[in-house]
Amino acid sequence: MSNVRLSNVSKVYDDSILAVEGLDLTVEDGEFVVVVGPSGCGKSTTLRMVAGLETISGGEISIGDTVVNDVRPQDRNIAMVFQSYALYPHMTVRENMSFGLRLAGERSDEIETRVEDAAEMLEISELLDDLPKQLSGGQQQRVALGRAIVRDPDVFLMDEPLSNLDAKLRTQMRTEIQRIQENLGVTTIYVTHDQTEAMTMADRIVILNDGKLQQVDPPEQCYDEPNNKFVAGFIGSPSMNFFDVTVTAAGRGVNVESPSFEFTLDIDVPPGEYTLGVRPEDFTAEREDGYIETVVDVVEPVGSDNYLYLKTARGESEVIARVESEFRPETGDEIALGFDIEDMHLFDGEGARVPVNKRQITDSV
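Residues numbered from 1 in each chain as written. Predicted model: local features only at pLDDT ≥ 70, side-chain atom pairs only at ≥ 80, totals over all residues. Heavy atoms only, no water.

Across its full length, the protein chain holds eight helices and 21 strands. Based on the C-alpha atoms only, the size of the protein chain along its principal axes is roughly 80 × 45 × 35 Å. Within the span of the protein chain, comprising 365 residues, buried residues form 47% of the whole. For the protein chain, long-range pairs separated by at least 24 residues make up 64% of all intrachain contacts whose partners lie at least 6 apart in sequence. Summed over its atoms, the accessible surface of the protein chain is roughly 17,100 Å², and 43% of this surface lies on carbon and sulfur atoms. Between the centroid of the 31 positive side chains of the protein chain and the centroid of its 67 negative side chains there is a distance of 5 Å. (Helix = DSSP H or I, 4+ residues; strand = E, 2+ residues; numbered from the N terminus. Buried < 20%, exposed > 50% of the residue type's maximum accessible area, 1.4 Å probe, protein only. Contact = heavy atoms within 4.5 Å. Areas by Shrake-Rupley, 256 points an atom, 1.4 Å probe, with all protein chains shown as cover. Lys, Arg positive; Asp, Glu negative; His and termini not counted. Charge placed at Lys NZ, Arg CZ, Asp CG, Glu CD.)

Have a look at this one:
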């Protein structure tokens, strides 16, 4: 097994498009890292550079103790699983899984042992003599995983491998991939646009935007302590609510004011203009430490919860709240949405998160 290290790695395409800029990242031996970000953020490009399918424009990539900038993809001892299963339609499952090993000149008995072991792990032993056209999408994805596993690689690279599956199969395969990775202990870099995959599978999440690294932390830290406004808005569904506020001195604390609400906090934040963030699930349908007067626009039941789409009473902002299913107001109802000051986030004019002590509240209106 090996770690993967990217040091000041950049990628500029021939048309001067900067895809990745100055990326520093270390994936530890046996770690499962998930790379997320909006379309065009550079996540797939990063994966392809590690694989050797894209040349880097600057910096250095190491796998284990070896710098692989000039090492061919087939010599990097990595295995890649793509969004498309890329199975040979005329070959059986057994032949698809063993193809790379046969090209590498492995012994027949060794190939057979590896294929049988991988098939048993993936619970597809009974499918080894079937053709891909006889398999479901989930079974084909298992075969693609098996083809990677039999290579006994130092690193797994996975590029949105579950995006072609329906919701139920995605959930099942997420669990399977986690189990397999834990059993094998192989260093894994997994690219996805799906936040649920990132939050449930990763040891750490790598968040990119416009080719730049925004945050690398465990999922719960990215959620609870986002580095900046972009991460706060990107992680979480529905997204965090943002409000422009003005902070002014008020006794030993500060006054936080917007057109929709005002309250005083016993915290030490310099006066100025900020963005205040509150996650939808942190609202309650009652006045708390802080609250916002709103009018219900749409109620969307989603089983155990209801999503409320609202406008502030004065119409300045839109608000999304996630509340328990028992609370289902009607369109046009006026609601005071409360939030605990402990659940607030503040971001400065550059979008950076501002750490504050939110424990003592001296006044609230």
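Now that the structure is up, let's keep going.
A word on the pattern of salt bridges. Under the defined criterion, the tally for this structure stands at 15 salt bridges. A salt bridge links arginine 322 to aspartate 305, with the nearest nitrogen and oxygen atoms 3.7 Å apart. Of this pair, arginine 322 sits in strand 18 (residues 318-324) while aspartate 305 sits in strand 17 (residues 305-312), placing them 17 residues apart in sequence. Given the relative accessible area of 22%, aspartate 305 is considered partly exposed. A salt bridge links glutamate 318 to lysine 311; its shortest N-O distance comes to 3.2 Å. Since its relative accessible area comes to 60%, glutamate 318 is described here as exposed. (Salt bridge = Lys/Arg side-chain N within 4 Å of Asp/Glu carboxyl O.)

A few words on helix 5 (residues 167-184). In this model, helix 5 (18 residues) spans 26 Å end to end at C-alpha, consistent with the 26 Å of a helix rising 1.5 Å per residue. Buried residues along helix 5 sit in contact with strand 3 (32-36), helix 3 (108-122), helix 4 (137-149), strand 7 (155-159), strand 8 (187-191) and helix 6 (195-201). After helix 5 finishes, the residue glycine 185 shows a positive phi value of roughly 65°. (Expected span 1.5 Å × (residues − 1).)

What follows deals with the sheet that holds strand 2 (residues 18-27). If you trace the four strands from one edge of the open sheet to the other, you get 2-1-4-5, paired in antiparallel fashion. For this open sheet the edge positions go to strand 2 and strand 5 (66-67), each flanked by a neighbour on one side alone. Relative to strand 2, strand 1 (residues 4-12) runs antiparallel, the two being bridged by six bridges. Directly across from lysine 11, in strand 2, lies its bridge partner valine 20. (Pairing = 2+ DSSP bridges.)

The omega angle of the peptide bond from serine 237 to proline 238 is -5°, so this bond is cis rather than trans. Secondary-structure assignment places proline 238 in the loop between helix 8 (229-234) and strand 11 (241-250). Despite not being glycine, glutamate 123 shows a phi value in the positive range, around 60°. In this structure, glutamate 123 sits in the loop between helix 3 and helix 4. Residues other than glycine seldom take positive phi values, yet glutamate 160 does so here, at roughly 45°. Mapped onto the secondary structure, glutamate 160 falls in the loop between strand 7 and helix 5. Its relative accessible area of 15% is what places glutamate 160 among the buried residues.

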